[in-house]
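# Chains, contacts and geometry: an overview
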Amino acid sequence: MVEMAQQALWAGQGPAKLSGTDDVGVAYIGDGAVEEGVVHESFNLAKTQNAPVLFVIENNLFASHMHISLRQPSNMISRFAIANNIPHKLVDGNDVVAVTKASKELIDDMRLGKGPALIELVTYRWYGHVDWRDDVDVGVERSLDDIENWKARDPILRLSKSMIKAKMSDLPSEETLRRYWNDVRQTQGEIFKIKTD
Ligand SMILES: Cc1ncc(C[n+]2csc(CCOP(=O)(O)OP(=O)(O)O)c2C)c(N)n1
Ligand SMILES: [Mg+2]
């Protein structure tokens, strides 16, 4: 996971600097992965090299089985952008439109030569770190209420609801979308069962 941050750093730095293209590197990093020292070296290096890299932090509040409040003195990962003088945005990670808009603004600036940027997407991990079930991680402590409240903020359903409301497309109804979603979940479950049987 963390190595990818470094690769994106060089992917961003290489093409843009050597061939003059407006390519940018994008590194996706979890709130737990941020605890690796190399990530902080990458933030520092990206800034000092003015590399066009967008660090996308998926802050889903859990690293494997531990909540962020048990691991860090603050639940805001973008404080590391401030420490490195990197422009950043803190966004509702379950709002597809907000994420797209904020990312575009940061990437537009990067393409003007303003160097790296960081976007923190606050969200919630519905499932286990390594599984599709809700609470498979050993020792994970969280309430079912929390999971249900976050599920009500499902980004895909939220987006389709606003598209239907804005009459932006002839999308199927919410009920049909829910049926599709349940079909996908069921198929996922069946595949998993075949694999583990
Ligand atoms: C380089 C490296 N160091 C340590 C680990 C061990 N590790 C496995 S899961 C994990 C935490 C991941 O947390 P996060 O990035 O928030 O992912 P999530 O649990 O939300 O899927 C770590 C540190 C690893 N896989 N790779
Ligand atoms: Mg996480």
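The following refers to the structure shown. (Residues numbered from 1 in each chain as written. Chains lettered and ligands numbered in written order. Predicted model: local features only at pLDDT ≥ 70, side-chain atom pairs only at ≥ 80, totals over all residues.)

## Brief notes about the environment of Leu157
- Position of Leu157 among the secondary structure elements: in helix H6 (residues 155-165).
- It is 7.8 Å that separates the C-alpha atoms of Leu157 and Leu177, two residues lying 20 residues apart in sequence. (Helix = DSSP H or I, 4+ residues; strand = E, 2+ residues; numbered from the N terminus.)

## Considerations on the nonpolar core
- Of all hydrophobic cores here, the largest spans 23 residues; its most connected members are Val53, Leu54, Phe55, Val56, Ile57 and Ile119.
- Looking at this core, the elements with two or more residues in it are strand E1 (25-30), helix H2 (37-48), strand E2 (53-59), helix H4 (96-114) and strand E6 (117-122).
- In this view, Ile57 contacts Ile29, Asp31, Val34, Ile77, Leu118, Ile119, Glu120 and Leu121; residues no more than four positions away in its chain are not counted. (Core = buried A, V, L, I, M, F, W, Y, C linked by C-beta atoms within 7 Å. Buried ≥ 20, exposed ≤ 12 C-beta atoms within 10 Å, placed from the backbone. Contact = placed C-beta atoms within 7 Å.)

## Let's talk about the site of ligand 1
- By nearness alone, 13 residues border ligand 1, and Gly30, Gly32, Ala33, Ala63 and His129 come closest of all.
- Of the residues in the shell around ligand 1, the class split is five nonpolar, five polar and three charged. (Near = placed C-beta within 6 Å. Nonpolar A, V, L, I, M, F, W, Y, C, P; charged D, E, K, R; others polar.)

## Observations regarding unusual backbone geometry
- At Leu61, a position not held by glycine, the phi torsion is positive, near 75°.
- Along the polypeptide, Leu61 turns up in the loop between E2 and strand E3 (62-63).
- We note that Asn85 has phi near 60°; this positive angle belongs to a residue other than glycine.
- Assessed through the 12 C-beta atoms surrounding it within 10 Å, Asn85 is described here as exposed.

## Digging into the pairing of E6
- Taking burial as the measure, the six residues of E6 include six buried ones, the bulk of the element.
- Across the two faces of E6 the burial is the same, with Ala117, Ile119 and Leu121 and Leu118, Glu120 and Val122 all buried.
- With six bridges connecting them, E2 and E6 associate as parallel partners. The residue bridging Glu58 from the neighbouring strand is Leu121, located in E6.
- Across five bridges, the pairing between strand E5 (residues 88-92) and E6 is parallel. Counted as the bridge partner of Leu90 is Glu120 from E6.
- In this view, the connection linking E5 to its parallel neighbour E6 by way of H4 has right-handed handedness. (Pairing = 2+ DSSP bridges. Right-handed = clockwise from strand over helix to strand, strands pointing away.)

## Some remarks on H2
- If you check H2, its first and last C-alpha atoms are 17 Å apart, about what twelve residues at 1.5 Å a residue would give, namely 16 Å.
- Those residues of H2 that sit buried are Val39, Ser42, Phe43 and Ala46. One face of H2 carries all of its buried residues, which in axial projection span an arc of 100°. For H2, the exposed residues lying more than 90 degrees away from the buried face are Gly37 and Thr48.
- Once H2 finishes, Asn50 follows within two positions and takes phi at roughly 50°, a positive value. (Expected span 1.5 Å × (residues − 1). Arc of directions from axis to C-beta.)

## Side note on the sheet that holds E1
- Sheet architecture is open: four strands sit in the order E1-E2-E6-E5, paired in parallel fashion. Only two strands of the sheet have a single neighbouring strand rather than two, namely E1 and E5. Direction aside, the axes of adjacent strands within the sheet are offset by 20° on average.
- Sheet topology places E1 next to E2; six bridges connect them, and they run parallel. Considered in E2, the bridge of Ala27 is made with Phe55.
- Across the sheet, H4 is in contact with E2, E5 and E6; its angle to E6 comes to roughly 170°. (Axes fitted to C-alpha atoms, helices over the stretch in contact; angles between N-to-C directions.)

## Focus on the environment of Val130
- Position of Val130 relative to the elements: it lies in the loop between E6 and helix H5 (144-151).
- For Val130, a count of 8 C-beta atoms within 10 Å gives the class exposed.

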